[in-house]
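These are the residues of each chain, in order.
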Amino acid sequence: MTIFPINHTSVAIARLRAEAGATQATVAEKAGLDQSRISRIEKGEIAAAAEIDRVLDALAELGAIRAADYKSYAAREWLHIEPPSFWNPELACLEITEETLGQVAEFLNDDERPWPLRRQIEKHRDSLLRAATFLNRLNHNIAFIGDMGVGKSTAISFIFDLLVPASMAEKQINRPILETGGGGTTICEVHIKGGPEFGISLVPMSENELRELVADFCAAKWMILSSEKRDQSETVGVSREADRAIRNMSGLGRRREMVEGKITYFDPVNDLARSCGNEEEFRTRVLGLMGLPDRTQRELWYDSATRKHPMEWVTETFKAVNNGRLKDVSLPRSIDLMIPNFGRSFGELEVSVIDTKGVDDVAVREDLDARLKDPRTAVIFCSRFNDAPGTSARMLLQHMRLTFSERVDTGKVSVLALPRSEEARSMKDDMGEQALTDAEGYEFKTMQVSGELRAEDLGGVPLIFFNVESDEPARIRAELFGQLAHMRKTIEERLFDLCAAAQEIIENHEAQALNAAIEEVANRLNTFLKGNRRLGARERLAYVEAIGTVKGVRYASTLWAATRRSGEYSGLNMTHLIGVGAARDAKLRSDTWFQSLDAFLKSLKADDDLAAAVRTIDQFAASAAASKVAFLEGSQRGAIEVYREPLTQSPVWTSCSSEWGRGPGFKLRVAEQLEKWFAAKGDLKETLEDIINSLWEQSVILPLLRLVEESAPEADIAATNVVRFPGHLST
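A brief look at the structure comes next. No experiment lies behind these values; they were computed from the predicted model shown. (Residues numbered from 1 in each chain as written. Predicted model: local features only at pLDDT ≥ 70, side-chain atom pairs only at ≥ 80, totals over all residues. Heavy atoms only, no water.)

In this section: the overall build of the chain. Looking only at helices and strands, the chain features 26 helices and 13 strands. Counting over 731 residues, the chain shows a buried share of 53%. Sequence separation of at least 24 residues holds for 76% of the intrachain contacts in the chain that already meet a minimum separation of 6. Accessible area for the chain stands at about 32900 Å²; split by element, carbon and sulfur atoms hold 47% of it. In the chain, which carries 91 positive and 111 negative side-chain charges, the distance between the mean positions of the two groups comes to 6 Å. (Helix = DSSP H or I, 4+ residues; strand = E, 2+ residues; numbered from the N terminus. Buried < 20%, exposed > 50% of the residue type's maximum accessible area, 1.4 Å probe, protein only. Contact = heavy atoms within 4.5 Å. Areas by Shrake-Rupley, 256 points an atom, 1.4 Å probe, with all protein chains shown as cover. Lys, Arg positive; Asp, Glu negative; His and termini not counted. Charge placed at Lys NZ, Arg CZ, Asp CG, Glu CD.)

If you want it as structure tokens, here you go:
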């Protein structure tokens, strides 16, 4: 019998009693125990198994429908996977998985099993464990991504009831606890999660990051004031939110004054700069004014003694942190908002909501890539209604398709269009007639956007609409919960298929027809793999993607900041983009091979003589899909490792940053400098090519050969360092 922590059982009993609507006294009377004993059991006091059984039996008699189920659950042995929560939505599937893994272990204990069956069952076991681990965990994220100024933070606040009481705001739109504005408001990524109390926790920028940001701020101001290196067509500087925070932290905020009856803004930064002999002195004095050594506070908690409503306190404190107004708090890299009972509408799932930093230039950012790759994160692309699905959403959806080979219809992503008043009713049907209701306008927009996405090979992305002034937030929460449920359902269905496939082999392993069919499939696949072992030729150089991004960057400030950080800037990370380029090339050159394999597998399934091995063929296809993902991820990681040190330590960045101030064409001149550098580094190009060919062998060919050839060696796991993406049984 599995031994659960006493608090696990105590919480379960308290919850079952609450669900039955019974008091402790009623349960005590039915169980033949003192009420005080029930109270102590629910508080976690150790109790005898017989007492627990009596309490559960009493609860069942009092109408606790799942009391008997819990009793059976507590008696179950979990030898192969971690015991899941009794309230896990996929508990039944996990119970079947535990039973199947037990059968698998027993099957593999017999060394006389034919090797093709052993290899398949071993593969099933590994896949079962990965899928079960994913479903066992109940924590998920919902990450909102969108262009700057689309209303993302406002939408999050209304959807999840992150609002101050209506009596505390003059207008409904002013109720969000997240700071909102016309874009350029939030300084960093914000996580909203459940917590024991209302509070704010932050991860500060590293000292080096903060000093680099201040250096950009000072350099931009110094160039303007000194009239040197001034480009008349473009300007550089830090983002609006960073500028605001640095000014507040240093006490250099602009002051409003009346001059000759007119409002004039006085900028103390200009006076400070003029009093300095050089840029270095200017930067040193700004850093000194910020008092960085004293900014050590990392957590702030609500105190009822303030006599403020908790949500009012959160609103004010978050705004102060976000704008650099607290003397003991540094500039944050990320902020956590702790809200008691947050996410309770998501049932058993433990959900955190992530408000990512708005996209104002390059969409394929490293931080957003991490959200797209995380199998436990559902991504919501936010856009204005009229622009849906939005510029950044289109780019990132195409990025998923071209770089990860990732499906977009598994619940991983959706688009949230945010209409304003009357926008939905401005939509017209094919006859040119305007929508009569918002719902009809939403339907017209869905048809339009769905058609556009299908044309871009992105069909299947759900489209959600939310007008913060008129739509019901509960409906949106339900749709987002459905998205997470879809993600889990995809894995659950795969897990059921794996269990059925493993059980079929185990139950029929002595059947001659099955063994003969599996062996024939193995022989044919072995022939295919050996005859089609090589990876296709390189289609494009890995750095082409990065150069294209440099040429297409929207704001000179983004590129200028990147050149001052040796190409590793959060808004434009060159080594990350080189990795993206390598992954896209890897996909291009392997697509034909995987298409050929798919056609070959379909021909095997169409062969009546191999009908008994259909599940075997399906599992081989699943293994091939997982190998493809591993290969693409490995290619991205390999390119980053090959280029990072030589590129970031190269003097080319000094040359690139010095291009600013030489007139129009800054972006093109930087791109030209970088192209020359890459062209001169043929050795890096060939090193990466060797790595990608090795990854192909280790990530794709050898793992698949291992399934169809008895003497095939195992792949070098250290060489592949597999990271699996959502939809491929990641945990």
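What follows covers unusual backbone geometry. Pro 389 follows Ala 388 through a cis peptide bond whose omega is 10 degrees. Note on placement: Pro 389 falls in the loop between strand 9 (377-384) and helix 15 (391-404). Phi at Arg 307 is positive, roughly 60 degrees, even though this residue is not glycine. Its location among the elements puts Arg 307 in the loop between strand 6 (299-301) and helix 13 (310-322).

With that settled, the discussion passes to the side chain of Thr 356. Within the secondary structure, Thr 356 is located in the loop between strand 8 (350-355) and helix 14 (366-373). Setting aside its immediate chain neighbours within four residues, Thr 356 contacts Phe 144, Ile 145, Lys 152, Glu 189 and Leu 368.

Orientation of helix 2 (residues 24-31) relative to helix 3 (residues 35-42), taken along the N-to-C sense of each, is 110 degrees, at an axis distance of 8 Å. The orientation of helix 2 with respect to helix 3, classified from their angle, is roughly perpendicular. Crossing of helix 2 over helix 3 shows right-handed handedness. Here Gln 24, Ala 25, Val 27 and Ala 28 of helix 2 lie close against helix 3, whose contacting residues are Gln 35, Ile 38, Ser 39 and Glu 42. (Axes fitted to C-alpha atoms, helices over the stretch in contact; angles between N-to-C directions. Parallel < 35°, antiparallel > 145°, perpendicular 65-115°, else oblique. Left-handed = near helix turned anticlockwise from the far one by under 90°.)

A separate point is the nonpolar core. With 107 residues, the main nonpolar core has Phe 381, Trp 593 and Leu 674 as its most contacted residues. Per element, the largest residue contribution to this core is 12 residues, and it comes from helix 25 (residues 682-708). Not counting residues up to four positions away in its chain, the partners in contact with Phe 381 are Ile 145, Leu 372, Ala 393, Leu 396, Leu 397, Val 413, Ser 414, Val 415 and Leu 416. In terms of nonpolar packing, the next biggest core, distinct from the first, is built from 73 residues, Ile 159, Phe 198, Val 286 and Ile 339 among them. (Core = buried A, V, L, I, M, F, W, Y, C linked by side-chain atoms within 4.5 Å.)

This part is about the sheet that holds strand 10 (residues 413-418). The strand order across the open sheet built from nine strands is 6-3-7-2-8-1-9-10-11, with neighbouring strands paired in mixed fashion. Of all the strands in the sheet, just strand 6 and strand 11 (463-465) have a single pairing partner and so form its edges. Mean inter-strand twist for the sheet, computed between neighbouring axes without regard to direction, equals 20 degrees. Where strand 3 (residues 199-204) lies against strand 7 (residues 332-339), six bridges are found, and the strand directions are antiparallel. Looking across to strand 7, one finds that Val 203 is bridged to Ser 334. Its contacts with the sheet put helix 14 on strand 1 (139-146), strand 2 (189-194), strand 8 and strand 9, and the angle it makes with strand 9 is roughly 125 degrees. Helix 17 (residues 473-508) contacts strand 1, strand 8, strand 9, strand 10 and strand 11 of the sheet and is inclined by roughly 140 degrees relative to strand 9. (Pairing = 2+ DSSP bridges.)

Our focus in this paragraph is the packing of aromatic side chains. Taken as a whole, this structure holds 24 aromatic pairs when the rule is applied. With a centroid separation of 4.3 Å and 5 degrees between ring planes, the pair formed by Tyr 543 and Phe 678 is classed as stacked. On the criterion of sequence distance, the pair formed by Tyr 543 in the loop between helix 18 (512-531) and helix 19 (544-552) and Phe 678 in helix 24 (residues 666-680) is long-range, its members being 135 residues apart. By relative accessible area, Tyr 543 is classed as buried at 13%. Taking the centre distance of 5.1 Å and the plane angle of 90 degrees together, the rings of Trp 593 and Trp 696 count as edge-to-face. (Phe/Tyr/Trp six-rings, centres within 6.5 Å; stacked < 30°, edge-to-face > 60°.)

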